[in-house]
Amino acid sequence: MTKPEALQLHHLPDDVLHRILSRLTFRESSRMGLLSRKWQKLWRSCCPKLVFTRATMFKPGNKTIRRTRTKFARRVNSLLRQLCAPPTLNKFVVKFGLRRKHTCHVNRWVGFCSKSRARHITFDFTPGVKGIFRGLADEKYIFHLHVFSVPDRSPAHIKSLHLSYVWLNTATTGLTGFANLKKLTLHKVSFLNDFQHLMLSECTALEWLSISCSSFTELTLCKPLRRLRYLSLHYCYMEKVDLEAPNLTSVDLTNRPIPLALSESLKVMEANIKLLHKSVLYGDNLDYICTELPAALPHVQKLSITSTLCIYDELQSFAKTSVRFINLRHLSLYLPLYGDGRSVGGILRLAYLLELAPVLEELELHFRFSDFVIRQAIRVDMLPYRHDKLKRVVMSGACHWQGLIELAHHIRRCASRIDCMIMDPMVRIKGLPTVDWLEERGRRIAKELLKRQEFQGVLTVL
């Protein structure tokens, strides 16, 4: 019944004000809480998530304010003081490049997060420099997991945990409360204790596990992770992975070739493997790709592999195995090439992939090279392997190296039912820039060398 000229925003019903606040950004809603006691009370009651980042703590585009760590910590503390009684939070996020000297502030935030029973927790102290550098050990904040396992509180409410640029201390009992944790992400984390046996083994509900750029030499568990569906391991330089995860469906790995024991994971549908360089003369990872990976991932349906390929006459022969990718339908290879461009036999080793994947339907071969050598001739002395399922082949960066033209010819002879073969002179892998006249030269040579009856109606040169 208030007169229209006297109507103000705070006169609206509380449920309407709740809806208004819930539609504002965290920065905007927290500033509304400073207007009055009523707005502060409303903000406390409808604040399901606390997100403290550079974007939420500092006004974008304002260059007059130095975005220092001290100012960030003070602003976070000021906002948390408004929430005298911690509400039950859905999300608690701190993302800023803090160090161990800020331990007193971070300890306060971790304690607040534990009392508020936040379900999704992120503490990311990664510095601004990007890359795989793990950081200095004595700079990292020491994160004690036992804070979530004090007598009056249990971490059973935690659904996801993201930690970056910290020392992780698991030297305590009572970590069984993480039994409801579904997603765990660790980036540039160092470990003070046996993390995998003290904590991972207790995360029986874990569905997502991502570890990157961390001091983690091997992943071996005494207990199965029966609910794990996604596994990501990047730049940890592990020596062994032995995991029982019967419901695992996706694998993402960046590492040197290592023993990969996932034989019980029969439901893996997709895998992305990046193999790092070998330090052996004339050494590449093709042996590992053709022997170890089929044994580790026999049921994978979509596989992407990135690995250097060395082309030398010394590498024309390699070990073969009876194990196959029995369900592989789509294979993508990203192969930077090094070596002798005149070594045709060295690159024709890739033809063995057709034998490894008897039901393969799509094959993508993306090459990058450091030299341009090609001869106008095609060999026909290599016996083809009959493959009845392959329908589509894409080869990028494939018109500048003699052996690649040979490989395309051999694949066509093997796959009698192929519908489409695309030869792309562009290099689709990041690295050396391509030159227009070289692309045009490769395009012309590909058309000349592959102008044969068996390629009619099938070949497309981009």
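Source: prediction; values computed, not measured.

Colleague: Run through the environment of Phe 123, naming residues and quoting values.
Modeller: Position of Phe 123 among the secondary structure elements: in strand S3 (residues 120-124). Along the chain, Phe 123 and Phe 92 lie 31 residues apart, while their C-alpha atoms are 8.4 Å from each other. When neighbours within four sequence positions are excluded, Phe 123 is seen to be in contact with Phe 92, Val 94, Trp 109, Val 110, Cys 113, Phe 143, His 162, Leu 163 and Ser 164.

Colleague: Give a description of helix H6 (residues 103-115) that names residues and reports values.
Modeller: Between its first and last C-alpha, H6 extends 18 Å over 13 residues, near the 18 Å set by a 1.5 Å rise per residue. Among all positions in H6, only Val 106, Trp 109, Val 110, Gly 111, Phe 112, Cys 113 and Ser 114 are buried.

Colleague: How would you summarise the sheet that holds strand S12 (residues 240-242) if you had to cite specific residues and measurements?
Modeller: An order of S10-S12-S14 is seen for the 3 strands of this open sheet, with the pairing classed as parallel. With partners counted over all chains shown, the strands left at the sheet margins are strand S10 (218-220) and strand S14 (260-261), one partner each. Direction of pairing for S10 relative to S12: parallel, over a ladder of 3 bridges. Counterpart to Glu 218 in the pairing with S12 is Lys 240.

Colleague: Explain the sheet that holds strand S8 (residues 190-191) to me, using residue names and the numbers behind them.
Modeller: Read across the open sheet, the 3 strands follow the order S4-S6-S8; overall the sheet is parallel. The sheet is open, and its two edges are formed by strand S4 (141-144) and S8, each paired on a single side.

Colleague: Before we move on, could you go through the packing of helix H5 (residues 69-82) against H6 and cite the residues and values that matter?
Modeller: Across the interface, H5 lies against H6 with an axial gap of 11 Å and an inter-helix angle of 30°. In terms of crossing hand, the pair formed by H5 and H6 is left-handed. On H6, the residues that touch Phe 72, Ala 73, Val 76, Asn 77 and Leu 80 of H5 are His 105, Arg 108, Trp 109 and Phe 112.

Colleague: Hey, could you go over the pattern of salt bridges for me, with residue numbers and the actual values?
Modeller: As enumerated under the stated definition, the model contains 4 salt bridges in all. One salt bridge in this structure joins Glu 362 and Arg 392, with 3.9 Å as the shortest N-O distance. Of this pair, Glu 362 sits in strand S19 (residues 362-368) while Arg 392 sits in strand S20 (residues 392-396), and the two are 30 residues apart along the sequence.

Colleague: Pulling in residues and values, what's your account of the packing of aromatic side chains?
Modeller: One pass over the full model with this rule turns up 11 aromatic pairs. A centroid spacing of 6.0 Å and a plane angle of 85° characterise the contact between Phe 125 and Tyr 141, whose relative ring orientation is edge-to-face. Of the two residues, Phe 125 is situated in the loop between S3 and S4 and Tyr 141 in strand S4; the sequence distance between them amounts to 16 residues. Residues Phe 125 and Tyr 141 agree in their burial class; the two are buried. Here the aromatic residues Phe 52, Phe 92, Phe 112, Phe 123, Phe 125, Tyr 141 and Phe 143 are joined through ring pairs into a cluster of three or more. The ring of Tyr 165 carries Lys 140 above its face, with NZ or CZ at 5.4 Å from the centroid. Here the guanidinium or amino end of Lys 183 rests over the ring plane of Trp 208, the centre of that ring lying 4.4 Å away.

What counts and what doesn't
- Residues numbered from 1 in each chain as written.
- Predicted model: local features only at pLDDT ≥ 70, side-chain atom pairs only at ≥ 80, totals over all residues.
- Heavy atoms only, no water.
- Helix = DSSP H or I, 4+ residues; strand = E, 2+ residues; numbered from the N terminus.
- Contact = heavy atoms within 4.5 Å.
- Expected span 1.5 Å × (residues − 1).
- Buried < 20%, exposed > 50% of the residue type's maximum accessible area, 1.4 Å probe, protein only.
- Pairing = 2+ DSSP bridges.
- Axes fitted to C-alpha atoms, helices over the stretch in contact; angles between N-to-C directions.
- Left-handed = near helix turned anticlockwise from the far one by under 90°.
- Salt bridge = Lys/Arg side-chain N within 4 Å of Asp/Glu carboxyl O.
- Phe/Tyr/Trp six-rings, centres within 6.5 Å; stacked < 30°, edge-to-face > 60°.
- Lys NZ or Arg CZ within 6 Å of the ring centre and 35° of its normal.

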